[in-house]
Amino acid sequence: MNNHHKLIIIGSGPAGLTAALYAARANLNPIVFEGLQPGGQLTITTEVENFPGFEHGIQGPELMDIMRKQVMRFGAKPEFKIVTEVDFSKRPFTIKVDKEVYTSDAVIISTGASAKLIGIESEQTFMGYGVSACATCDGFFYKGLKVLVVGGGDTAMEEATYLTRFAEEVTIIHRRDEFRASKIMVERAQKNPKIKFITNAVVKEVLGKNENGKKSVTGALLQNTKDGSTFEVKTDGIFVAIGHKPNTDIFKGQLDMDETGYLKVKPGSTYTSIEGVFAAGDVADKTYRQAITAAGTGCMAALDVQRWLEEHELA
Ligand code: NAP
C-alpha cells in the first residue's frame, strides 16, 4: 500500500520526538508529522534549566534541535507537515495532510497544548514585545519593572509569584472576585508584598508605542466586569496566564476527551479509547506539563506501540 507505515507520530515536541527515538531504535521506521510549531512549546522558551543532563542549562530551541538530530540518526523522519484530518474508525488508520493520504497500523498523538490568549487585536500586535504567555521564558526581561498577570487560576498565581523575583510590582488582573486557584497558591500571592490584585476586570486593550519600529507596552485599558466602566493602568509587560488548550480539535468525536479537550488515556499507560492509537505529552496531561514528563510518556507510548503491534502480529 502506498504511504503505509507501521507508526505515524503526530507532533514533534519532547513527547513526539522521544516516542520517535524509541520507535526508530525498535525498527518501526516512524514518520513524525511536525505540525505548525516543530519542536513544540520549548522552541518559544529561552533557558531550560530543569531538563536532566544539562548541568548548566540549555536553550529550548537548541534542546529540540539536538533531540531532532538524535531521532534522525536512527532513521525516524520528521516532516514539516500539518495533519488536517484523521480517520480512526477502521484499521489501518487514515491520516491526511491536505490532499496527501497516509495509512498507519498505529498512531501516537503528541500534539501538545497551546497557551490560551485573551483574543484582542492589540495582544497580537505586542506579542513578544511586552505581551507574553510564559513567565518562565520572559520574566527575566522585567527586572525592576511593573507587570500585569491576567488570570485567576494556579498558573496565574504561580507566574505572578515567580515574576516577583524580577519585577518591582506585579498586578494580578482577574475577571471575577473569586479565584479558581487553590487556596494555598492564592494565599502565597496575597502574602507577597510585591503582588497587587485588581479583581472583576478584564483587559480590553493593550496600550503601547511603536518608536522607529521598536514596539513596547506602556499600559492596559481595563474594563470592570460588574459595571462596564473602563480605566487605564500603567505597565511594562502583560503576562497572559489564562490556561492552556490541548491541540485536539482534529480528534473530536473520535477519541475520548475530558471536558476541556485533553485526551483520556488508560491510567498508567498511553492507550487512548481506540486500540492502536496512543497519546503522549501535554495533549493528555493537564497536571504536570513539563518537557521531561512529556518525554517520559513519549517513551511509554513507543513501548506501548511496540507491544501492541507485536500482539497484533504487525511488528
Ligand atoms: P485554569 O485553572 O483553567 O484557570 C484559568 C484562569 O484564567 C481562570 O481564573 C479563568 O477565569 C481565567 N480566564 C480564562 N479565560 C479568560 C479570559 N478570556 N479572560 C480573562 N480570564 C480568563 O488554568 P491554569 O491556571 O493554567 O491551570 C490549569 C491546571 O493546571 C489546573 O488544574 C491547575 O490546578 C494546574 N496547575 C497547577 C499548578 C500547581 O499546582 N503548582 C500550577 C499551575 C497549574 P474564571 O476563573 O473566571 O474561569
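Cut-offs and rules
- Residues numbered from 1 in each chain as written.
- Predicted model: local features only at pLDDT ≥ 70, side-chain atom pairs only at ≥ 80, totals over all residues.
- Heavy atoms only, no water.
- Near = heavy atom within 4 Å.
- Polar contact = N/O pair within 3.5 Å; in protein donor to acceptor, adjacent residues only side chain to side chain.
- Areas by Shrake-Rupley, 256 points an atom, 1.4 Å probe, with all protein chains shown as cover.
- Helix = DSSP H or I, 4+ residues; strand = E, 2+ residues; numbered from the N terminus.
- Nonpolar A, V, L, I, M, F, W, Y, C, P; charged D, E, K, R; others polar.
- Pairing = 2+ DSSP bridges.
- Axes fitted to C-alpha atoms, helices over the stretch in contact; angles between N-to-C directions.
- Left-handed = near helix turned anticlockwise from the far one by under 90°.
- Contact = heavy atoms within 4.5 Å.
- Core = buried A, V, L, I, M, F, W, Y, C linked by side-chain atoms within 4.5 Å.
- Buried < 20%, exposed > 50% of the residue type's maximum accessible area, 1.4 Å probe, protein only.

Time to look at the site of the ligand. In the vicinity of the ligand lie 15 residues, with Asp154, Thr155, Glu158, Arg176 and Arg180 positioned nearest. Between the ligand and aspartate 154 there is a distance of 2.6 Å, counted from an oxygen atom to a side-chain nitrogen or oxygen. Side-chain polar atom of arginine 175 to an oxygen atom of the ligand: 2.9 Å apart, as the coordinates give it. Summarising the interface, the protein chains cover 72% of the accessible area of the ligand, which totals 910 Å² for the free molecule. The element that contributes the greatest number of residues to the shell around the ligand is helix 5 (residues 154-163), accounting for three residues. Residues of the shell around the ligand, tallied by class, amount to two nonpolar, six polar and seven charged.

Strand order in the open sheet formed by three strands is 14-15-16, and the pairing between neighbours is antiparallel. A single partner strand is all that each edge strand has here, and the edge strands are strand 14 (201-211) and strand 16 (230-234). Neighbour-to-neighbour, the strand axes of this sheet turn through a mean angle of 30 degrees, independent of strand direction. Relative to strand 16, strand 15 (residues 214-224) is paired through five bridges, and the arrangement is antiparallel. Paired with alanine 220 across the strands is valine 233, a residue of strand 16.

This next bit is on the packing of helix 1 (residues 14-25) against helix 7 (residues 291-311). Relative to each other, helix 1 and helix 7 sit at 35 degrees, their axes nearing to 7 Å. As for how helix 1 packs across helix 7, the hand of that crossing is right-handed. The residues of helix 7 that touch helix 1, namely those facing Pro14, Ala15, Thr18, Ala19, Tyr22 and Ala23, are Ala291, Ala294, Ala295, Gly298, Cys299, Ala302 and Leu303. Considering only residue class, the contact of helix 1 with helix 7 consists of 11 nonpolar, two polar and no charged.

Here we come to the sheet that holds strand 17 (residues 237-240). Read across the sheet, five strands follow the order 10-17-11-12-13 without closing on themselves; strand pairing throughout is parallel. The open sheet has two edge strands, strand 10 (131-132) and strand 13 (195-198), and neither has a second partner. One ladder, built from four bridges, connects strand 12 (residues 169-173) with strand 13; its direction is parallel. Bridge pairing in strand 13 places isoleucine 173 opposite isoleucine 198.

To continue, consider the nonpolar core. Residues Leu7, Ile9, Leu63, Ile108, Phe278 and Val305 are the most contacted members of the largest nonpolar core, which totals 32 residues. Non-local contacts of isoleucine 108, meaning those with residues more than four positions away in its chain, are made with Leu7, Ile8, Ile9, Ile10, Ala19, Phe278, Ala280, Ala301, Ala302 and Val305. Phe33, Phe88, Phe93 and Val283 belong to the second largest nonpolar core, which has 21 residues in total.

Bear in mind that shape data such as this cannot, by itself, settle questions of function.
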